[in-house]
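Here's the letter readout for the chains.
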Amino acid sequence: MSSAHPLRGTLSRRSVRIAQAVAVVGALTATMALSGPASANSPHSASWRKYVRAPSSREVRPVAVTATTGDVAHPQGVLGKGTATLNRPAPKPEPTWPADTTATASSYHDGNNGNDGKPRTYVPGNAVDGDTDTFWNDANAATYPAWLEITSPTPVTLPGITVLSNSDGVPQDFTVETWDGSAWTTRATVTGNSDVRRAVAFSSSVTTARVRITVTKDQSSGKGEYTRINEVWPGLVAAEPVPSVTLDFGKVVSGYPRISFAGASDNSPGVRVAFSETLDYLTDRSDYTRSDVSGGPGTDQYAVPRQGGIWTDHKSCLSGTKVCADGLHGFRYMRISLDALPSDAPLAQPSGTVRIDGVSLDFTPFLGTPDSYTGWFESSDAELNQYWYDASYTNELVTDTFRSDDVDPRNADSPTLDGKLVLHDGAKRDRDPYVGDVAVSGRTTYLTHDAAVAAKNVLADLADHQRGDGWIPPASINTYTLPLFDYPLWWVTSSWDYVLYTGDTAYARDYYANLVKTLDSWYPSVTDANGLLSKGLNGTGGYGDYAFLPRSGEVTYYNTLYVQALKDAAALATSLGHGADADRWQKRAATVSTAINTRLWDSAAGAYLDSATGAVRHGQDGNGLAVVAGVADPTRAASALDHLSRTTAQPYGNAFMDNNTLVPDGSQRVYAFTSYPEIQARFLAGKADSAIDEIKRLYGWMAGHGPRITDWEGIGPGGSMYEGGFTSAAHGWSTGVVPALTNDLLGATPVTPGFATWSVAPHPGSVTWARGQLPTPHGPLTVDWKRGGGDRQFTLDLTAPKGTSGVADLPATGTRVTVKVDGRVAWDGSGAHAFQATLKDGRVTLRGIPAGSHTITVTGKAS
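Definitions and limits used
Throughout, residues of each chain are indexed from 1 in the direction in which the sequence is written. Local features in this predicted model are restricted to residues whose pLDDT is 70 or higher, and side-chain atom pairs enter the listing and the counts only when it is 80 or higher, whereas totals over whole chains, interfaces and linings include all residues. Water and hydrogen atoms were dropped before computing side-chain values, which therefore reflect all heavy atoms in the structure. When two rings of Phe, Tyr or Trp (its six-membered ring) have centres within 6.5 Å they constitute a pair, described as stacked for plane angles under 30 degrees, edge-to-face for angles over 60, and tilted for the intermediate range. Every helix listed is a DSSP run of H or I at least four residues long, and every strand listed is a run of E at least two residues long, numbered separately from the N terminus. Buried, partly exposed and exposed residues are distinguished by accessible area as a fraction of the type maximum, computed with a 1.4 Å probe on protein chains only: under 20%, between the cut-offs, and over 50%, respectively. A contact between two residues is defined here by any heavy atoms of the two lying within 4.5 Å. Axis definition: a line fitted to C-alpha atoms, over the contacting stretch in the case of helices. Angles run 0 to 180 degrees between N-to-C directions. Throughout this description, any angle smaller than 35 degrees is read as roughly parallel, any larger than 145 degrees as roughly antiparallel, any in the 65 to 115 degree range as roughly perpendicular, and the remainder as oblique. In this scheme, a crossing is called left-handed if the near helix is turned counterclockwise away from the far one by less than a right angle; it is called right-handed if the turn is clockwise. Residues are grouped as follows: Ala, Val, Leu, Ile, Met, Phe, Trp, Tyr, Cys and Pro are nonpolar; Asp, Glu, Lys and Arg are charged; every other residue, Gly included, is polar.

1. Brief notes about the packing of aromatic side chains
Aromatic rings considered in pairs are described by the distance between their centres and by the relative angle of their planes.
Piece 1. As enumerated under the stated definition, the model contains 41 aromatic pairs in all.
Piece 2. Ring centres of Tyr 546 and Tyr 671 lie 5.9 Å apart, and the angle between their planes is 85 degrees; on these two criteria the pair is classed as edge-to-face. Linking Tyr 546 in the loop between strand S24 (535–538) and helix H9 (556–576) with Tyr 671 in the loop between strand S28 (653–654) and helix H13 (672–684), this pair joins segments that are 125 residues apart in sequence.
Piece 3. Using a relative accessible area of 2% as the deciding quantity, one classes Tyr 546 as buried.
Piece 4. Their ring planes at 75 degrees and their centres at 5.8 Å tell us that Tyr 671 and Trp 733 sit as a pair that is edge-to-face. With a gap of 62 residues between them, Tyr 671 in the loop between S28 and H13 and Trp 733 in the loop between helix H14 (688–704) and helix H15 (737–746) connect regions that are remote in the sequence.

Rendered as structure tokens:
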């Protein structure tokens, strides 16, 4: 699945003052005549375009051939430069055991319907039956030694044996023994094996009637760490290299692959196509396919006709369940092999000749070319700029039409979403719209492209499937029944975010009753006597959260998210004129905040506990949200963030826990999802440099490893993909760097629906200048600021669209601070001259700035 993400809150008294001031700014009248240019509209503002990552058109072609195996002539032909030819002679028959050969084993798994729904057995005899599709499977996972003994009715002379396993986990360490009539003799020892077909040679030929294979270690896989042997051949069977070509598309892409075949031999040679986001997980099968869920082969199959033609990868089978393709894929690397599944015979054969003269992709996600950007960002730091556009591209990959053949196969298809533009969680998986992901990717969408309807479609659909008790499902997966404890809160915050950025108050009115039911019915049913949410109440002990973490009771993350949801709901209620609801939810937010600070603050560590019960640990999710939601006062905020810096920092970001008492890799696992609120908290707490440092470690690592460019679902120990090849390397919930840089570093945010009122509060840190544009229903809001030298400390140029007004909150340090708006003094220390100007804690706040283009300068003598 995917996850959830924190939204904006109030950090300090200053934040509260700004929000209150902006809420009434529409009623204020400017006290000065304003005019002036906004440099964000100057010609150099187009320089951001060089950072854009999307392809230039929907027909995407590979950029390179990275590898070939076997008999491949002119491989560059797959790039459209001539014709590539893959050739494979018919395989020689494998050696067979004498008739009536038998096998026994240490144990074997009970029969079942298998992952493909077809009856299967796993008896030892499957390893000598001559059928490579059947296999022996021992009974218990990770139980060693596991042995298989083969008995021939007559002695055979063996130079060695060949062990054929499968991609679900091969035997890594094993010995081979033969019986000499009175004792077993070890003939070979194998360690570190990774080959599906392993020829094991003896030092000299042996004549025997009994062979025993003893396994002491297997590869772990998604199908469990079992010993699996499909076939043991009496002799050394050399593995003929399968002709293959591996293509690189340059970055992760998504859509329908297409191969142009110039022709083939007349025996229907098979082609198997595997995909992966990284070369690390590209083998003879894809890193993930939807058919894996039902025991599929891990590749897409095609039988090439003699005359050739163009094959497009759509979900289909040539006949019944034979020669099947999976359809849409998200990947960077594509491997085309001349091969066929045994089960696809006779429709596809693993030999012959295939000629290829081109490969491309029908790119289906949102095409984010420079001209499609309605918002943009640029700064003096080129690395930050690239991370912003990398994240935008990641989000474009998950913005796609909901199609039944392309989404998570675990009962995620929904007639109410089919054909609609949505925000999926990942490009390759799960390809299902989770509301937690929308909490981040929705903001990224609002700040980059005119595609807000993709978030609205998800939010509305989930609300339409609300349970009678008020709980809102996290996604369509499992027919809208996946039980998550935190995700209804993300629906609340995401709904307010959508209204805040788009001004779509009609949506707010249509789904207001759903919001009331969530906050006033379901969450009170899981609130304990201390006034805190407590997972386990009302039958929620088995509920999960964004990462299915095994925690229960009073958890800081759940409760700080609850505070944020209550505050966002109050803001939405205010915008609709429901003052009583707003007051009630604000009071409840204050009550829950007090209880959090009483019950969950760990004064010894100077941070919030992950949970009130169990082992002592401190989570990134709860502590970051405590700051963003305004639960933590400035002192606690600074202390909690310092604790995270001391205990969670990794070269690839900050871990989501400060120790391993919750999960074994808690102090090494990094989620960009839970890192976003921490980064935002650092900006809001006046720790901009540490926010930028965390961004560079986290997003810099992803930009420099794996498929590069796109943002991963999660990072594991040592900077690895945290769930191996199953990990989504292009995940919408990891794009929080976009709102972090636009809303917090550049500093521009909406305060009331549709940017009717806005705030510009830059947090520069080490950045010397930044500029950007935010799309609003009224027109673009452009911001351009720079830090100066000497007395000229800060200059802000902004252009606000007609029908809006706002607040500027700017850095102002030193003595004799002077603030000018369009050349006229607004503050000089002798009193507020204009815009209700105030100076406090090193920042000057100006209220009631009307639409138009303005230049604000802040000067001051060094202290």
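2. Some words on unusual backbone geometry
Piece 1. A cis amide bond links Tyr 144 with the next residue in sequence, Pro 145, at an omega value of -5 degrees.
Piece 2. In this fold, Pro 145 is placed in the loop between strand S6 (136–137) and strand S7 (146–164).
Piece 3. Note that the residue after Arg 429, namely Asp 430, is joined by a cis bond; omega there is 5 degrees.
Piece 4. Tracing the backbone through its elements, the reader meets Asp 430 in the loop between strand S23 (421–423) and helix H3 (435–448).
Piece 5. Within the chain, Asn 478 stands out as a residue other than glycine whose phi angle is a positive 55 degrees.
Piece 6. Mapped onto the elements, Asn 478 comes out in helix H5 (residues 477–480).

3. A look at the environment of Pro 346
Piece 1. Locating Pro 346 in the fold gives a position in the loop between strand S19 (329–338) and strand S20 (352–363).
Piece 2. The class of Pro 346 is exposed, set by a relative accessible area of 66%.
Piece 3. The spacing of Pro 346 and Gly 375 is 29 residues in sequence and 55 Å in space, taken between C-alpha atoms.

4. Some points on the side chain of Asn 137
Piece 1. You can see Asn 137 is positioned in strand S6.
Piece 2. Look at Asn 137 and you get buried, because its relative accessible area is 6%.
Piece 3. In contact with Asn 137, other than residues within four places in its own chain, are Ser 107, Tyr 108, His 109, Tyr 122, Tyr 226, Thr 227 and Arg 228.

5. Concerning the packing of H3 against helix H4 (residues 453–464)
Piece 1. The contact between H3 and H4 brings their axes to 10 Å, and the two run at 155 degrees. In terms of axis orientation, H3 runs roughly antiparallel to H4. The two elements H3 and H4 meet at a crossing, and its hand is left-handed. Residues Val 435, Val 438 and Tyr 446 of H3 touch H4, and the partners they reach there are Ala 455, Val 458, Leu 459 and Leu 462.
Piece 2. Counted by class, the contact of H3 with H4 contains 7 nonpolar, no polar and no charged residues.

6. Digging into the packing of H13 against H15
Piece 1. As a packed pair, H13 and H15 sit with axes 10 Å apart at the nearest point and diverge in direction by 10 degrees. Overall, the two elements H13 and H15 adopt an arrangement that is roughly parallel. Between H13 and H15, the contacting residues are Tyr 676, Ile 679, Gln 680, Phe 683 and Leu 684 on the first element and Pro 739, Ala 740, Asp 744 and Leu 745 on the second.
Piece 2. Looking at side-chain class alone, the contact of H13 with H15 contains 7 nonpolar, 1 polar and 1 charged residues.

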